[in-house]
Amino acid sequence: MKVAVIQFPGSNCDQDAVWALKLVGLEAELVWHTEKNLEGFQAAILPGGFSYGDYLRAGALAKFSPVMAEVRRLAQRGNPVVGICNGFQVLTEAGLLPGALLANTNLHFTCKDVYLRVERTDLPFTTGYQPGQVLKIPIAHGEGRYYSDAETLERLEQNRQVVFRYAPPPSSAEGEADGYNPNGSLNDIAGIVNEQGNVLGMMPHPERAVEGLLGYADGLPFFTSLKQALEAVGA
Amino acid sequence: MEGTLPPLVQEAGIPLHEYREIVRLLGREPNRLELYLFKVMWSEHCSYKNSRPLLKLLPNEGPAVLQGPGENAGVVDIGEGWAVAFKIESHNHPSAVEPVQGAATGVGGIIRDIVAMGAWPIALLNSLRFGKLDGPEGDRTRYLVRGVVEGIAHYGNAIGVPTVGGEVYFHPDYQDNPLVNAMCVGLLRADELKRSRATLARPVYYVGSKTGRDGIGGAAFASEELSEESESKRPSVQVGDPFMGKLTLEVTLEAIRQDLVEGVQDMGAAGLTSSLSEMAHKSGLGIELNLDRVPKRETGMNPLELMLSESQERMVLVPRPGREKDLETLAARFGLDAVPVAHMIAEPVFRVVARGQTVAEVPTHALADAPTYVREGQENPAIAQQRARDLNGLPLPQNLEEVLLRLLASPNLCSRAPIFERYDHQVGTNTVLVPGKGDAAILRIKGTGRGIAVKVDANPRYSKLAPRLGAMHALAEAARNVSVVGGKPLAYTDGLNCGNPETPAGYFELSETIAGLAEASAALGLPVVSGNVSLYNEGPSYRIPPTPMVGVVGLLENLEHRAELGFQKAGELVVLIGSPEGHLGASEYLWVVHGLEAGTPPAPDLAQEARAQAAIRELIGRGWVKAAHDVAEGGLAVALAEMCLPYSLGATIEVRSQARPDALLFGEAPSRILFTVDQALLQMAVRVLEQHGLPHQILGQVGGDRLTILMPKQRLEWSVAALRKAWDAPLREVLP
Amino acid sequence: MKYHITLLIELKDGILDPQGRAVEGVLQGLQFKAQNVRVGRVLEMEVEAGSEADASAMAHNIGKALANPVMEVFVVEAVKELA
Amino acid sequence: MKYHITLLIELKDGILDPQGRAVEGVLQGLQFKAQNVRVGRVLEMEVEAGSEADASAMAHNIGKALANPVMEVFVVEAVKELA
Ligand SMILES: Nc1ncnc2c1ncn2[C@@H]1O[C@H](COP(=O)(O)OP(=O)(O)O)[C@@H](O)[C@H]1O
Ligand SMILES: [Mg+2]
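Bear in mind the structure is a predicted one, so any value in this text is a computation, not a measurement. Per chain, residues are indexed from 1 in the order of the written sequence. Ligands are numbered from 1 and chains lettered from A, in the order in which they are written. Whole-chain, interface and lining totals are the exception, using all residues; otherwise, since this is a predicted model, local features are given only for residues with pLDDT of at least 70 and side-chain atom pairs are given and counted only at 80 or more. Computation of side-chain values: all heavy atoms of the structure, hydrogens and water removed.

Q: I'm lost on the overall build of chain C in this one. Help?
A: Note on conventions: DSSP H or I runs of at least 4 residues are helices, E runs of at least 2 residues are strands, and numbering of each starts at the N terminus. The number of helices and strands found in chain C is two helices and three strands. Starting at the N terminus and walking to the C terminus, you meet the elements of chain C as β-α-β-α-β. Radius of gyration (C-alpha) of chain C: 16 Å, far over the 12 Å computed for a compact globule of 83 residues. Here a residue-residue contact requires only that any non-hydrogen atoms of the pair lie within 4.5 Å. Look at the contacts in chain C between residues 6 or more apart in sequence, and 73% of them connect residues 24 or more apart. Summed over all atoms, the accessible surface of chain C reaches about 4000 Å², with 53% contributed by carbon and sulfur. Looking at charge distribution, chain C has the averaged site of its 8 positive side-chain charges lying 9 Å from that of its 12 negative ones. Radius of gyration means the value over C-alpha atoms here, while the globule rule gives 2.2 Å times the residue count to the 0.38 power. Each accessible area value is a Shrake-Rupley result obtained with a 1.4 Å probe; residue values ignore everything except the protein chains displayed when judging cover. Positive charges come from Lys and Arg, negative ones from Asp and Glu, while His and the chain ends are left out of the count. Here the site of a charge means atom NZ of a Lys, CZ of an Arg, CG of an Asp or CD of a Glu.

Q: Any chance you could explain the coordination of the magnesium ion (ligand 2) here in plain terms?
A: In an ideal tetrahedron of four donors about a metal, each angle is 109.5 degrees. In an ideal octahedron of six donors, the angles are 90 or 180 degrees. Residues and elements named next belong to chain B. Distances from the magnesium ion (ligand 2) to its protein donors, Asn72 (OD1), Asp113 (OD) and Asp266 (OD), fall within 2.0 to 2.2 Å. For the magnesium ion (ligand 2), all donor residues lie on one chain, and their spacing in sequence is N-x40-D-x152-D. Of the two residues, aspartate 113 is situated in helix 7 (residues 99-115) and aspartate 266 in strand 8 (residues 261-266); the sequence distance between them amounts to 153 residues. Aspartate 266 matches aspartate 113 in its accessibility class, with the two residues each being buried. Metal donors: N, O and S atoms at distances within 2.8 Å, or within 3.2 Å for Na, K and Ca, with water omitted from the atom set so that some sites may seem incomplete. Note on exposure labels: buried denotes an accessible area under 20% of the residue type's maximum, exposed denotes more than 50%, and partly exposed covers the range between, all computed with a 1.4 Å probe on protein chains only.

Q: Got a minute to help me understand the site of ligand 1 in this structure?
A: Residues and elements named next belong to chain B. Nearness is defined per residue: one heavy atom within 4 Å of the molecule or strand is enough. For ligand 1, the set of nearby residues contains 16 residues, the closest of which are Tyr48, Gly70, Glu71, Asp113 and Asp494. In the model, an oxygen atom of ligand 1 is placed 2.4 Å from a nitrogen or oxygen of the glutamate 71 main chain. When the free accessible area of ligand 1 is taken as 550 Å², the share hidden by the protein chains comes to 87%. Of all the secondary structure elements, the ones that give two or more residues to the shell around ligand 1 are strand 3 (82-90), strand 17 (488-497) and strand 18 (528-534). Three residue categories are used. Nonpolar comprises Ala, Val, Leu, Ile, Met, Phe, Trp, Tyr, Cys and Pro, charged comprises Asp, Glu, Lys and Arg, and polar comprises the others, including Gly. Residue classes in the shell around ligand 1 are distributed as six nonpolar, five polar and five charged. In protein, a polar contact requires one atom able to donate a hydrogen and another able to accept it; more generally it is a pair of N or O atoms within 3.5 Å, and residues adjacent in sequence count only if both atoms are side-chain atoms.

Q: Teacher, can you tell me more about the packing of aromatic side chains here?
A: Within a pair of aromatic rings, the relevant descriptors are the distance that separates the centres and the angle that separates the planes. All names here are of chain A. Centre distance within 6.5 Å is the pairing criterion for rings of Phe, Tyr and Trp, where only the six-membered ring of Trp is used; planes under 30 degrees apart are then read as stacked, over 60 as edge-to-face, and the remainder as tilted. All told, the structure shown has twelve aromatic pairs over all chains when counted by the stated rule. Both rings, one in phenylalanine 88 and one in tyrosine 146, keep their centres 6.3 Å apart while their planes meet at 10°; by these two values the pair is stacked. Taken as a pair, phenylalanine 88 in helix 3 (residues 86-93) and tyrosine 146 in strand 8 (residues 145-147) lie far apart in primary sequence, 58 residues in all. On the basis of relative accessibility, which here comes to 0%, the residue tyrosine 146 falls in the buried class. A ring pair is formed by phenylalanine 164 and phenylalanine 222, whose centres lie 6.5 Å apart and whose planes are at 40°; its orientation type is tilted. Note that phenylalanine 164 is positioned in strand 9 (residues 162-166) and phenylalanine 222 in helix 5 (residues 220-234), a separation of 58 residues in sequence. Residue class for phenylalanine 164 comes out buried when judged on its relative accessible area of 1%. Its relative accessible area of 0% is what places phenylalanine 222 among the buried residues. Each member of the aromatic cluster is reached from another via a ring pair, and the members are Phe125, Tyr129, Phe164, Phe222 and Phe223.

Q: What is the right way to look at the sheet that holds strand 8 of chain B in this model?
A: Two modes of strand pairing occur in sheets, parallel and antiparallel, and in both the strands are linked by backbone hydrogen bonds. Residue and element names in this part refer to chain B. Reading across from one edge, 8-10-7-11-9-12-13 is the order of the seven strands in this open sheet, with mixed pairing throughout. The open sheet terminates on both sides in strands that have one partner only, identified here as strand 8 and strand 13 (357-363). Averaged over all adjacent pairs, the angle separating strand axes in this sheet is 25°, with direction ignored. Two elements, strand 12 (residues 349-354) and strand 13, share six bridges in a ladder whose sense is antiparallel. Its bridge partner being in strand 13, alanine 354 is matched across the sheet by glutamine 357. Helix axes are fitted only over the stretch in contact, all axes being lines through C-alpha atoms; the angle between N-to-C directions runs from 0 to 180 degrees. Strands strand 7 (203-208), strand 8, strand 9 (286-290), strand 10 (314-319), strand 11 (337-345) and strand 12 of the sheet are contacted by helix 12 (residues 271-282), whose axis makes an angle of about 30° with strand 10. Note: two strands are recorded as paired if DSSP finds a minimum of 2 bridges between them.

Q: Sorry, what's going on with unusual backbone geometry here?
A: Trans peptide bonds make up most of the peptide bonds, and negative phi angles are found at most residues other than glycine. All names here are of chain B. One non-glycine residue with positive phi stands out, namely threonine 429, at about 45°. Residue placement: threonine 429 occurs in the loop between helix 18 (417-420) and strand 14 (431-433). Among the residues examined, threonine 429 registers a relative accessible area of 2% and is labelled buried. Positive phi, close to 65°, is recorded for tyrosine 536, a residue that is not glycine. Secondary-structure assignment places tyrosine 536 in the loop between strand 18 and strand 19 (538-539).

Q: Would you mind showing me how to read the side chain of glutamate 70 of chain A here?
A: Residues and elements named next belong to chain A. Residue placement: glutamate 70 occurs in helix 2 (residues 67-76). Here leucine 38 takes part through its backbone nitrogen, which lies 2.9 Å from a polar atom of the side chain of glutamate 70. Beyond its immediate stretch of four places on either side in the chain, glutamate 70 contacts Lys36, Asn37, Leu38 and Glu39.

Q: Would you take a moment to explain the nonpolar core for this structure?
A: Here the nonpolar core consists of buried residues drawn from Ala, Val, Leu, Ile, Met, Phe, Trp, Tyr and Cys, with membership extended through side-chain atoms lying within 4.5 Å. Phe164 of chain A, Ile111, Val185 and Ile452 of chain B together with Leu43 of chain C are the most contacted members of the largest nonpolar core, which totals 226 residues. For this core, the element with the most residues is helix 20 (residues 467-484) of chain B, which contributes nine residues. Those residues in contact with isoleucine 452 of chain B that sit more than four places away from it in its chain are Ile78, Val84, Ile122, Val185, Ala441, Ile442, Leu443, Ile445, Val553, Gly554 and Leu556 of chain B. Within the second largest apolar cluster, 49 residues are counted, among which are Phe567, Leu584, Met643 and Ile653 of chain B.

Q: How do you make sense of the interface of chain C and chain D when you look at a structure like this?
A: Interface size is commonly expressed as the accessible surface area that is lost when the partners come together. With 30 residues of chain C at the contact, the number on the chain D side is 28 residues. In short, buried area is how much 1.4 Å probe accessible area vanishes from two parts on joining, totalled over both. Together, the buried faces of chain C and chain D total about 2400 Å²; carbon and sulfur atoms form 62% of this surface. Among the residues of chain C in contact with chain D, Phe32, Val42 and Glu44 of chain C are the three that bury the most area, contributing 21% of the side total. Connecting chain C to chain D are ten residue pairs in polar contact (both at pLDDT 80 or more). Those elements that place two or more of their residues in the side of chain C that touches chain D are strand 1 (2-11), helix 1 (18-29), strand 2 (35-48) and helix 2 (52-66) of chain C.

Q: What should I look at first to understand the side chain of glutamate 89 of chain B in this one?
A: Residue and element names in this part refer to chain B. The topology assignment puts glutamate 89 in strand 3. Within the local environment of glutamate 89, its side chain forms a polar contact with the side chain of lysine 87, the two groups lying 2.6 Å apart. Leave out the neighbours within four places in its chain, and glutamate 89 touches His45, Ile110, Asp113, Val180, Asn181, Ala182 and Asn532.

Q: I tried to follow helix 17 (residues 400-408) of chain B on my own but got confused; where do I start?
A: Side chains three or four residues apart in an α-helix point the same way, a direct result of the helix having 3.6 residues per turn. All names here are of chain B. Residues of helix 17 that are buried: Leu400, Val403, Leu404, Leu407 and Leu408. Along the long axis of helix 17, the arc covered by the buried residues comes to 135°, so they all point the same way. Along its buried surface, helix 17 packs onto helix 22 (588-594), helix 24 (635-644), helix 25 (661-666), strand 27 (706-710), strand 28 (715-719) and helix 27 (720-734). The distance from a side-chain oxygen at the start of helix 17 to the backbone nitrogen of glutamate 401 is 3.0 Å, and the residue carrying that oxygen is asparagine 399. Starting at the helix axis, one direction is taken to each C-beta atom, and the arc is that of these directions.

Q: How should the pairing of strand 8 of chain B be read in this particular structure?
A: Put simply, side chains in a regular strand alternate between the two faces of the sheet. Residues and elements named next belong to chain B. When you tally the buried positions in strand 8, you get six out of six residues, the bulk of the element. Summarising the sheet, strand 8 and strand 10 pair through five bridges and their orientation is antiparallel. Bridge pairing in strand 10 links aspartate 266 to methionine 315.

The structure is reproduced here in structure tokens:
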């Protein structure tokens, strides 16, 4: 039940992902981007950060890393593959997920809490959530505006591939009701899956939201769901 | 010889008496390269020639101190085998010339100092000073603010170290000379502390980015007044590369983890020259550098350019015997250059070789031991006059409700969210108290129940009017901020930003500032473990206020017991430690409402300060207090308003005193702390305050969505929403 | 032979370019009446190739590798032989 | 008349270009032997001007306003009359 956390040069949420995985009792290992073999791993996480400095375009250069061929193979075999923040950008750049992530409309890196509505609870990452549940999860990115052409968007919606959507806060004391979409994403998209439902990308950071001590708990079910899914397959 | 300065000396801009000293130390005339080695090593930035005699006054020992001043960073013990390394560093002049890259490279530089101690950087803070946002100068100020914030965000976010705190002040005296100081805190195992040392015959490796013509002469540049000439120095601007910075950090720390290296040193100001010569000097040895081996980015670089280059993202590593290949393999894995460019020699000289020829050879102690200066200071009489101004006749404002809104909307008191939202303050998943939630940031130490609290502070208005008091307040307030979240202050780092020490007024301010720090250090029992000096922040028509940016690190032994600043529970009682009466002298109120910067800052009572901090820590440590906030600029009313904002929870407060209402509401005084406590615990809490011999008052109760203040003759009331509106807007306009 | 390549990578028409808008705002504030401002990237580099045609083909492939077809287009702006 | 302007803003020689370095490293990994890669910005926009000479002058002034003289240079790459 081992999860690979891929380390590109410039990844910086790699250790945080390992920490969150271990917290729910999953085995996790860092895998350097030049690795050509993911044998023995049941799932992979592409963590947040600034792979290759995010130079040229966030995620643009990491798609050429040798390990990506293996990530693709894992995805094709139906194993769970998760891209968080920069990892999401890498997955779209690599064509493992449709669309692209463009510069936030506010044109700057933004680190703050956002609210997400869970649109699907039948995925290996979301069985622990209630349908329509609203989560508080932090974001930290400069290029998170989800974009795709109209057809792709339509298809995403029809296939129910949108997993998380930015939403207004549940109570007014917790922030503004308008302006809840932090980056200008189309259809308030914060996270999507591929058609098969095993490759997920999201801009917010569930791995930062797994401990009450840090003020969050809503990211925990993400990882416990993943654990259950992996155990179900393993068993 | 006076009239006939040798042309070389004139070109290098070295004072004649220093040149003579160089000739004496060498026993001969230096060649051009050697002269420049002296120029950079004897600059204030590298040699502390004006500040060293004064800095000796600062206490630097204490039970927690593992490494005091003198290394790349100070280190304190935080228990369970862990230690933290921290230091503050200025990047003022580069930021004035090119704000984005100046700030970015400032962040990169301080991170490398922490890494050089063998510590994993876990937090960044910054302390910024700008001129006016209004009036015709506002455009340039906004340009600088945007650039500096972008630079800090660019570097810190990408390298993956959370920026968890800082402070920003706007004051007209920084118009021509903004200040950008960055502080970094790193975590290490106490027994893995590294120093800048090497043993005989060891090869010395250069690791990281290649050397280009970046920032040539930067260290010397930093020690000069900004002038028209700075324009022409522009081509030498250094560009930060957080991506390479991250790889360099990982190689260095992994090499330490695998025990491959015996010594570590960053390449900061004055690049190869200072890093190698200082390491040799500290090791009691000499070093021979072969310039042909230095990785170069550009062709045709001459020895002088190589020696003075301040290219970023470079480190010096000294492998343990037999581990050279392992180090090279490790660096190759990250795609970095790792080249033995030098080796340690017995003869205590710094020898530079290029193409088989010795191009410079200088005794290491000569470079290290710049002459020091003790000067005569004298206060600028205009400041004494401003201080002496009588404030008794000050008119009372008509509408006190409006005054609070104006204060909350002043650039020095308004919300900092537009700034800190641009910084990743959570990467690393250790940030327990994020910016905006507490007076200090709290970081947990994974695998323990412990945490550290960090804060940097300095009030330029106090320091301008009374440098000695200002410095005392800076340390007291930074420590108080750490105490009110529940942390016990352990030690501090200080970034001393002052004017030209060669002028009597500049020297007066520097020496008074250090004297004030020394006094407060002793009284509060807090040692200094690292710091930085940035002098010559002065030009023909301006001098910055002396600005001692004090960064305090404190320990929370049990993270369960901590406090934040916002009111959290309706029904809790609001208690004030200290007196409700504040002083108007040097206050933010006086400036914002009356346009005056005058009077004397309040005189700190350091013994009471220590007791107030101990008391609030005790209350938090017992688990009785979850909300606490120090009363700083803007006085009681502003502090209460700030407590309403985080959770949109109001309070009803009654102030009983015959003092002027503006002094009660907006006057400032040290050692004051507001906290809330459950009714059932009130008596016990009060007993703690009595045991500590502290004046205190129960002011009122938390609840509702309004802040109400009942005064002897009037009732003031604001909705929390109105407070927020005033407070939110001003910096949003600068950073949309 | 050595060739110098200039490659432009730009956002497709119709995709919101907030940076372009911001620049437009700045320019209009400065009384330049610029419209439809778009901001993209220019890459300059040197490559070895047997002929100009080879260098052009290489420039094309590099553009293809670096641009994201979801929202970008690239243009080989120039290919010049270096002395 | 309307003109289309293309403006390149690039880092001065000798100034470290971290983006260029990173792109170069990746291209070399892909067996493109690209060297001295530099990454800059390209701006495209439309302006009103009385003549092509006026439009060029305007392009020049815009370049001057937008390039950071501390680190950057600009080139007016093209000025074209629009139908
Ligand atoms: N104001 C100060 N207070 C205490 N220590 C200081 C102060 N200024 C400098 N130091 C110490 O002097 C030493 C030399 O500083 P510096 O040359 O800035 O180091 P580096 O080159 O590593 O940045 C360091 O140990 C630093 O912490
Ligand atoms: Mg150092």
